[in-house]
Amino acid sequence: MTSHHLAGPVEPVQSTVEPVQSTKSPGAEVAGSADPVASVAGRSAHVTAVIVAHNGERWLPKLMSALELSTRFPDQLVAIDTGSTDGTAGYLDEALGPTVVHTVGRGLGFGEAVQVAADVTAPIADPDGWLWLLHDDCAPSADALQELLAVGTADPTISVVGGRIRAWPRAQRLLEVGVTVTGTGHRETGVEIGEHDQGQHDRQHDVLSVSSAGMLVRRRVWESLGGFDRELPLFRDDLDFGWRVAKSGGRVVFAPAAVVFHAEAAARGVRSLQDLADVPASPHRADRQSALFALLANCRGLAFPFQYARLFLGSILRAVFYLVGKLPAAAGNELLAMATVLGRPGRILRARARRRATSSAPHGRVRALLPSWWTPYLNGLDSLLSRFADTLRDTAAQVAAAARRRRTGATGIEALETGPVPEEAVDLPTGAGPVTWALGHPVLTLAMLLTLAAAIASRHLWGGGWLQGGALLPAPATSSDWWQTYTESWHQVGLGSGETPSPYIAVLGLVSALVLGKAWLLVELIVVLAVPLSAVGAYVAARQLIDSLAVRVWMSVSYALIPVLSGVVTSGHLGTTVALLLLPWLFRVSLPLRATASRETPNRWRAVFGVGLVLSVMVAFAPISWPMAVVVALAVVGLLVGSGERRAGVLSRPLVAVALPAALLLPWSARLLSEPSLLLTEAGRVDPGTASVADHAWLVPWGRFAATGAAPWWLSVGLVLAALAALVRTDRRGIIAAAWAVIALGLVTTAVMATTSITIPGTRDQAFVWVGLPVAVAHAAAILAVGLAADGVGRFIEAGHFGWRQPLAAMTAVIALIGPVAGLVWWVAAAPQGDLTRAQAVPVPAYMSAAMRSSDQRVLVVHAERSPTGATSDTYTVYAGDGARLGDDSVVSAPDRAVTY
């Protein structure tokens, strides 16, 4: 049994609330019970009522009043307060007595709190008795416990009993009459939305589960199954428990005569979830995570792979529908829930192993309690038709109203009497305005605004043909072409090649599943949405270090503009673009290493492998990121040694993190080590039009490198000056100096690469090395330095008298703000196209393209060129299949173009 630490000493549990003597006759007491003998057994059964409360002061008086009126009072009563910050604990002490109320740490889940109560009451409780679970926002009817016991004690195979759940506080609207779940995770409550209780659900029957609000469960069943799963601290815990009861051979029964009123405060957003451990602040995301986990943890083994894939694709489709329905927050929560659950298969497999230990019932018995596989799709069709009918009706009403106004000449708005407000709608929070919503959802707001700006700025890139230009080759039609290139040993590229392909092809193939295998669409989304995607990553990373919302937003926008202001996107460098998308996430996953370097923690290696995984993807797209990461790791180890750290485990973590790409990217990493020049390439072809950095060295400090489509250099003047001013922040000089060390690393790497040329793969021609990533890294580190200096700068200024600090801070803030604002305006207004264009993938007649696709034939295209001096030269290109596509660049080996003569 799991041990729990209470806030104080545990005292014997005793109730200070005396049971109210029923004024009913003995015959009335058992009314509604199917068997009088069962009612007698119900009176003799030992019941421990458990109240779990968290900031429930507003609902608890109704619960206490309901308990005082109970015709069958529980034999024991214990209340668990999970660290409430309102008057909940005081109210419970006053109502029940301090010996009954126990306070545990904030963030404890509902099931863990019930387990605390079960542990406390175990010495004085009947092991064959019952636990009655009560939420602080529920209120059972007077005879609820009596009716639950009448059903539960009628058959020893019944393990759990629950009643009908109605809306708070005394409404007739039904919420649940037993619970099951569809294959897509939708909670089926057995009632229609808004359905009123008119006695239509008065049949006692077996169900998969019942609500935890008012659930009556045998104590021995609770103990044998370990109570509610700790992985489900709030939502779907009752559903998961009922499923496990059914799999263990027990029965969960719906008792129609027992009524419990429930406010559903957490699910409706009335109760905040922000201070609950391991629970997202969004009820939608928290519920969806729990639904996915419960489904995958309990489905039968043969269905597990299918269910995994079904939930993955289903979550993506749901997110798309949310976006179409103008619900971006719901779409984001859907994707985050999917990534949180499906991205941790080990957690699911451990949960399944725990359930196998208690499963004994045949699958058919559980299957009978689950809805048909087509139920969610029928529900979706019904919802779609209902919304269409509602829209049609509302449109017709608006047209009729407009016609009446034209006929009568009426203007303005008339006040209409809407009738009485239902009781459950009283005291519900009012909706927030757009400004409040935006402040409460900064990431979504930022992403939406920048996505709109990206759609406008990319207006010249829409149309027919394949997106290509600069270093960007046309993408293949489907991801299967990438997988074929990655897995085949001989590649039909140029004259043929047997080179090991780059793993970035496999990464693109995996991610393209999100767009149903449309490879061209994935590439275009990366190019078009580089700015909003970068902003989201930068905001998430900044949130770990920066407290100020305004500073986080500034950092996110400034970082997001790097790919477009520097010309990375417009010159077609997909490798650098993806590396910039991943850089904030690499920073984010590396932050826990700061804690593990100073002290031992249970998950100290999780951050190491997280850094290694993200770095591996970055190296696959932009290999130069690997030596830069190695330099950073060696610097960290040097600092640790200089600070007196001698533990091998601590010193090895940064080195292991940067060594992981060598293992994860095999066999390509072996080729990278044997051909060091590949470190100077990236995903996409080597662009022969790359400008010489040595000839434009003065642009590098401003984050430019003479790329086509880049913004004017003076748009970054404010950032550079602000980064220099950041060094004045003496109280954060250490961490700001670390940011400046990364700036130096980027500039030094740029200087080394600027004097190097590279042979274009497949040719004998030379090209200048692309230095986009190291310059962008230096630019990003400058943004970090400014953000660290700006966060909490008010306290720093207030630390001294008025002097140079105040005007310097004001001037720096103004010039730092001008940069991203001016950059956004330039990007949207100028809409730079650079080298990007749309054209045929293969510049040959259509019949030749068809012949190459249908056979192994190749087409030789000869180009005659005349130099300014009058000399002529002939070059040729060999085309095969559907032409050179993104991914082919990593396997080109033999020259396919002759040298000028």
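The rules behind the values
Residues numbered from 1 in each chain as written. Predicted model: local features only at pLDDT ≥ 70, side-chain atom pairs only at ≥ 80, totals over all residues. Heavy atoms only, no water. Helix = DSSP H or I, 4+ residues; strand = E, 2+ residues; numbered from the N terminus. Buried < 20%, exposed > 50% of the residue type's maximum accessible area, 1.4 Å probe, protein only. Contact = heavy atoms within 4.5 Å. Areas by Shrake-Rupley, 256 points an atom, 1.4 Å probe, with all protein chains shown as cover. Polar contact = N/O pair within 3.5 Å; in protein donor to acceptor, adjacent residues only side chain to side chain. Expected span 1.5 Å × (residues − 1). Arc of directions from axis to C-beta. Salt bridge = Lys/Arg side-chain N within 4 Å of Asp/Glu carboxyl O. Core = buried A, V, L, I, M, F, W, Y, C linked by side-chain atoms within 4.5 Å. Axes fitted to C-alpha atoms, helices over the stretch in contact; angles between N-to-C directions. Parallel < 35°, antiparallel > 145°, perpendicular 65-115°, else oblique. Nonpolar A, V, L, I, M, F, W, Y, C, P; charged D, E, K, R; others polar. Pairing = 2+ DSSP bridges. Phe/Tyr/Trp six-rings, centres within 6.5 Å; stacked < 30°, edge-to-face > 60°. Lys NZ or Arg CZ within 6 Å of the ring centre and 35° of its normal. Left-handed = near helix turned anticlockwise from the far one by under 90°. Right-handed = clockwise from strand over helix to strand, strands pointing away.

A. Focus on the overall build of the protein chain. The secondary structure content of the protein chain amounts to 34 helices and 18 strands. When the 901 residues of the protein chain are sorted by exposure, 50% land in the buried category. For the protein chain, long-range pairs separated by at least 24 residues make up 76% of all intrachain contacts whose partners lie at least 6 apart in sequence. About 41,500 Å² of surface is accessible on the protein chain, with carbon and sulfur atoms providing 63% of the total.

B. The side chain of Asp-791, seen in detail. Turning to its location among the elements, Asp-791 is positioned in the loop between α31 (772–790) and α32 (793–798). Residue class for Asp-791 comes out buried when judged on its relative accessible area of 2%. At 3.2 Å, the side chain of Asp-791 forms a polar contact with the backbone nitrogen of Asp-547. Apart from the residues lying within four places of it in its own chain, the contact partners of Asp-791 are Leu-545, Ile-546, Asp-547, Ser-548, Val-551, Arg-729 and Arg-732.

C. Region of the structure containing the environment of Asn-55. Along the chain, Asn-55 turns up in the loop between β1 (47–53) and α3 (60–68). Residues Asn-55 and Thr-85 lie 30 residues apart in sequence; the distance between their C-alpha atoms is 6.2 Å. Of the polar contacts made by the side chain of Asn-55, one reaches the backbone nitrogen of Asp-86; its length is 3.3 Å.

D. How the structure looks around helix α30 (residues 733–754). Helix length check: α30, at 22 residues, gives a terminal C-alpha distance of 31 Å against a target of 32 Å (1.5 Å per residue), a fit within 8%. All of the buried residues in α30 are Ile-736, Ala-739, Ile-743, Leu-745, Gly-746, Thr-749, Thr-750, Met-753 and Ala-754. Taken around the axis of α30, the buried residues stretch over an arc of 165°, which confines them to a single face. For α30, the exposed residues set more than 90 degrees away from the buried face come down to Gly-734, Val-748 and Val-752. Packing partners of the buried residues in α30 comprise α26 (625–642) and α31.

E. How the structure looks around the pattern of salt bridges. Evaluation of the coordinates by the stated rule reveals 22 salt bridges. Where Arg-187 meets Glu-176, a salt bridge forms, and the shortest distance between an N and an O atom there is 3.2 Å. Of this pair, Arg-187 sits in strand β9 (residues 187–188) while Glu-176 sits in strand β7 (residues 174–176), and the two are 11 residues apart along the sequence. A relative accessible area of 19% places Arg-187 in the buried class. Overlapping salt bridges bring together Asp-229, Asp-240, Arg-244, Arg-354 and Arg-355 as one network.

F. Geometry of unusual backbone geometry. Here the residue pair Trp-168 and Pro-169 is connected by a cis peptide bond, since its omega of -5° sits within 30 degrees of zero. Its place among the elements puts Pro-169 in the loop between β6 (158–167) and β7. Each neighbour pair has its own omega, and for Leu-666 with Pro-667 the value is 0°, a cis peptide bond. With respect to the secondary-structure elements, Pro-667 resides in the loop between α27 (648–664) and α28 (668–674). With phi around 50°, Asn-55 is a residue other than glycine that occupies positive phi space. In the Ramachandran plot, Leu-516 falls in the positive-phi region, its phi being about 60° despite a non-glycine side chain. Within the fold, Leu-516 resides in the loop between α18 (504–511) and α19 (519–528).

G. Fine view of the nonpolar core. One finds Trp-482, Tyr-504, Leu-508, Tyr-559, Trp-827 and Leu-886 to be the most contacted residues of the largest nonpolar core, which totals 112 residues. By residue number, the principal contributor to this core is α31, which donates 13 residues. If near-sequence neighbours (up to four positions away) are discounted, Leu-508 is found in contact with Trp-482, Leu-522, Ile-526, Phe-621 and Leu-886. In this structure, Leu-63, Phe-73, Val-100 and Ala-144 belong to the second largest nonpolar core, which totals 37 residues.

H. Expanded view of the packing of α26 against α27. With their axes 8 Å apart at the nearest point, α26 and α27 run at an angle of 170° to one another. Accordingly, the angle class assigned to the pair α26 and α27 is roughly antiparallel. Residue-level contacts link Trp-626, Ala-629, Val-630, Ala-633, Leu-634, Val-636, Val-637, Leu-640 and Val-641 of α26 to Val-650, Leu-651, Pro-654, Leu-655, Val-658, Pro-661 and Ala-662 of α27. Per-class residue counts for the contact of α26 with α27 are 16 nonpolar, no polar and no charged.

I. Focus on the pairing of β6. Among the 10 residues in β6, 10 count as buried, and that is most of the element. Relative to strand β12 (residues 251–262), β6 runs parallel, the two being bridged by 8 bridges. Bridged to Val-161 within β12 is Val-253. Relative to strand β11 (residues 216–218), β6 runs antiparallel, the two being bridged by 2 bridges. Of the residues in β11, the one forming a bridge with Val-161 is Leu-216. Examined bridge by bridge, β6 and β7 share 2 bridges and lie antiparallel to one another. Within the sheet, the bridge partner assigned to Ile-165 lies in β7 and is Glu-176. Counted between consecutive antiparallel strands, the loop separating β6 from β7 contains 6 residues.

J. Inspection of the packing of aromatic side chains at higher detail. All told, the structure shown has 10 aromatic pairs when counted by the stated rule. Summarising the aromatic geometry, the rings of Trp-222 and Phe-228 are spaced 5.0 Å apart at their centres and angled 55° between planes, so their arrangement reads as tilted. For the pair shown, Trp-222 and Phe-228 are each scored as buried. In this structure Trp-222 comes out as buried when scored by relative accessible area, which is 0%. Seen from the ring of Trp-466, Arg-885 lies directly overhead, with NZ or CZ sitting 4.3 Å from the centre.

K. Spotlight on helix α9 (residues 283–298). With 16 residues, α9 should cover 22 Å at 1.5 Å per step; its first-to-last C-alpha distance of 22 Å lies within 8% of that length. Within α9, 12 of the 16 residues are buried, which leaves the element mostly enclosed by the surrounding structure. Those residues of α9 not exposed but buried are Ala-286, Arg-288, Gln-289, Ser-290, Ala-291, Leu-292, Phe-293, Ala-294, Leu-295, Leu-296, Ala-297 and Asn-298.

L. Focus on the packing of helix α29 (residues 717–725) against α31. Two elements in contact, α29 and α31, have axes separated by 8 Å at closest approach and are oriented at 55°. Between α29 and α31, the angle is such that the two are oblique. Pair α29 / α31 crosses with left-handed handedness. Residue-level contacts link Leu-719, Ala-722 and Ala-723 of α29 to His-779, Ala-782, Ile-783 and Val-786 of α31. Of the residues contributing to the contact of α29 with α31, the split by class is 6 nonpolar, 1 polar and no charged.

M. The pairing of strand β2 (residues 76–81), seen in detail. Most of β2 sits inside the fold, with 6 of its 6 residues counted as buried. Neither face of β2 is exposed, since Gln-76, Val-78 and Ile-80 on one face and Leu-77, Ala-79 and Asp-81 on the opposite face are all buried. Judged from the 6 bridges that link them, β1 and β2 form a sheet pairing that is parallel. Within β2, the position partnered with Thr-48 by the bridge is Gln-76. Crossover handedness for the path β2 to helix α4 (residues 88–96) to strand β3 (residues 101–103): right-handed.

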